[in-house]
Amino acid sequence: MTNLGLYVHTPFCAKKCNYCDFYSFRADGETYDLYVKKVQEELMRWGARTVRPIDSLYLGGGTPSLLGGERIASVVSAAKAAFPGCDDIEITLECNPADDLESTFTTAAAAGVNRVSVGVQSANEEILKILGRRHTANDVGKTVRDARLAGINNISLDLMIGLPKSGISDVKNSLNFLLEQNPEHISVYILKVEEGTPFYKNTPALPDENEVSEQYLFVSEYLKQHGFGHYEISNFAKPGRESRHNLKYWNCEEYLGIGPAAHSFLGGKRFYYDRDINKFLSGTAPIPDGTGGDREEYLMLRLRLADGIIYNEFENRFGVFPCEWKKTAEKLSEMGYVELTDKGFALTAKGFLVSNAVIGEFI
Ligand code: SF4
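Quantities reported herein were computed from a predicted structural model and do not represent experimental measurements. (Residues numbered from 1 in each chain as written. Predicted model: local features only at pLDDT ≥ 70, side-chain atom pairs only at ≥ 80, totals over all residues.)

**Structural notes on the packing of helix H1 (residues 29-50) against helix H2 (residues 69-82)**
Our working rule: To obtain an axis, a line is fitted to C-alpha atoms, over the contacting stretch when the element is a helix, and the angle between two such axes runs from 0 to 180 degrees between their N-to-C directions. Put simply, DSSP H or I for four residues or longer makes a helix, DSSP E for two residues or longer makes a strand, and each gets a number counted from the N terminus. In this scheme, roughly parallel covers angles under 35 degrees and roughly antiparallel covers those over 145, while 65 to 115 is roughly perpendicular and the rest are oblique. Each residue gets a C-beta atom placed from its backbone, and two residues are in contact if those atoms lie within 7 Å. Each residue receives one of three labels: charged for Asp, Glu, Lys and Arg, nonpolar for Ala, Val, Leu, Ile, Met, Phe, Trp, Tyr, Cys and Pro, and polar for the others, Gly being one of them.
The N-to-C vectors of H1 and H2 enclose an angle of 10°; their axes lie 8 Å apart at closest approach. Judged on the interaxial angle alone, H2 and H1 are roughly parallel. Residues Tyr32, Val36, Val39, Gln40, Leu43, Met44, Trp46 and Gly47 of H1 form the contact with H2, whose participating residues are Arg71, Ser74, Val75, Ala78, Ala79 and Ala82. Of the residues that constitute the contact of H1 with H2, the class distribution is ten nonpolar, three polar and one charged.

**Let's talk about helix H3 (residues 102-111)**
Residues spaced three or four apart along an α-helix face the same direction, because each turn holds 3.6 residues. Selection criterion: Residue burial is a threshold on neighbouring C-beta atoms within 10 Å of the residue's own C-beta, all placed from the backbone, with 20 or more meaning buried, 12 or fewer meaning exposed, and counts in between meaning partly exposed. When we speak of the arc, we mean the arc of directions from the helix axis to the C-beta atoms.
Along H3, the residues classified as buried are Thr104, Phe105, Ala108 and Ala109. An end-on view of H3 places all buried positions within 120° of arc, on one side of the element. Phi turns positive, to about 125°, at glycine 112, one or two residues after H3.

**Some remarks on the pairing of strand S1 (residues 4-10)**
Worth spelling out the cut-off: By the criterion used throughout, a crossover qualifies as right-handed when its path from the first strand across the helix to the second strand runs clockwise, the strands pointing away from the viewer. The pairing criterion is simple: DSSP has to find at least two bridges between the two strands.
In terms of residue burial, S1 counts as a mostly covered element, since seven of its seven residues are buried. Residues of S1 alternate between two faces, with Leu4, Leu6, Val8 and Thr10 on one and Gly5, Tyr7 and His9 on the opposite face, all of them buried. In this fold, S1 hands off to H1, which returns the chain to strand S2 (residues 54-61); that crossover is right-handed. Bridge count between S1 and strand S9 (residues 255-258): four bridges; the pairing is parallel. Bridging across to S9, valine 8 finds its partner in isoleucine 258.

Structural data, given as structure tokens:
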């Protein structure tokens with residue numbers, strides 16, 4: 001059995017960004033303490049039940065860095081104690097560069113945090129304000145320096161494209177800014193206006209679909225020229241710095257999510273905790289969400305990766321690779337969306353851009 005990936009969702013943010021529909025809200029120290037205590041209890045309960053080592057722990061949110069070093073360290077220690085058996089664990093902490101994280105990083109690194117993911121989104125101050133971000137571009141430099149000083153040398157930066165008032169030149173400026181920070185990993189997301197967000201009620205003027213496509217293809221080319229592999233639709237990494245945790249999702253491997261709104265795939269079943277801190281604190285059980293890991297889901301997830309489908313691996317898991325899917329791959333390769341190899345096939349950058357439609361052709 002493979003090692004498990006563990007995700008802990010922290011539902012706290014100092015302020016909501018205008019585009020965000022993640023489950024997060026503002027809370028005080030007392031709520032942080034109650035939440036951390038419950039996370040520790042859940043970790044012990046699930047650890048006793050699953051008896052599997054973990055090789056990745058992802059503290060996501062929300063803004064887990066708001067918890068401060070001591071609380072983060074106590075969650076990391078509880079996870080290691082509950083799921084023992086692996087010395088080499090990728091432990092990622094998501095953080096907001098608006099906060100002074102110097103001491104948080106020092107304490108978190110001592111507890112084992114060895115990767116940080118920083119929400120940068122843009123290097124343009126005006127765009128950051130429109131997005132409702134709390135930080136300036138300058139704050140990012142300090143956050144990255146503080147992480148490295150604490151000994152955390154695996155740094156991922158998030159960027160958004162398709163932003164209000166942004167063209168290719170803004171995207172290029174932001175990419176240059178990210179590259180100056182010398183990160184190991186970069187995630188690039190296209191802004192989507194989600195229901196229930198301030199942007200949904202009051203949508204700013206956004207670049208059209210063609211412009212966004214142009215931005216995406218530009219990012220892919222530019223980052224490749226600067227030594228980053230485009231290993232997943234939205235993710236780029238220097239060699240060997242791909243996110244171990246997120247690869248579990250795309251490889252259709254098992255993971256356990258703890259915290260309100262966290263999803264899991266364990267023992268062939270999917271389930272999730274409700275988006276409700278009170279239910280989480282009172283011990284309400286996760287909600288079943290059907291089964292997972294069938295061949296359609298595997299195809300869908302693997303096609304997010306640059307490695308795509310490898311026939312041998314598919315056949316080890318599910319038996320013969322369907323003939324009709326091979327024919328679909330051939331048809332899509334003639335249209336430039338898929339690249340065929342002797343071992344399998346994968347989406348091209350053009351295919352990544354319309355991945356939902358391309359995957360829809362198979363399923
Ligand atoms: S900091 Fe992240 S999680 Fe929090 S509101 Fe902004 S985008 Fe959402």
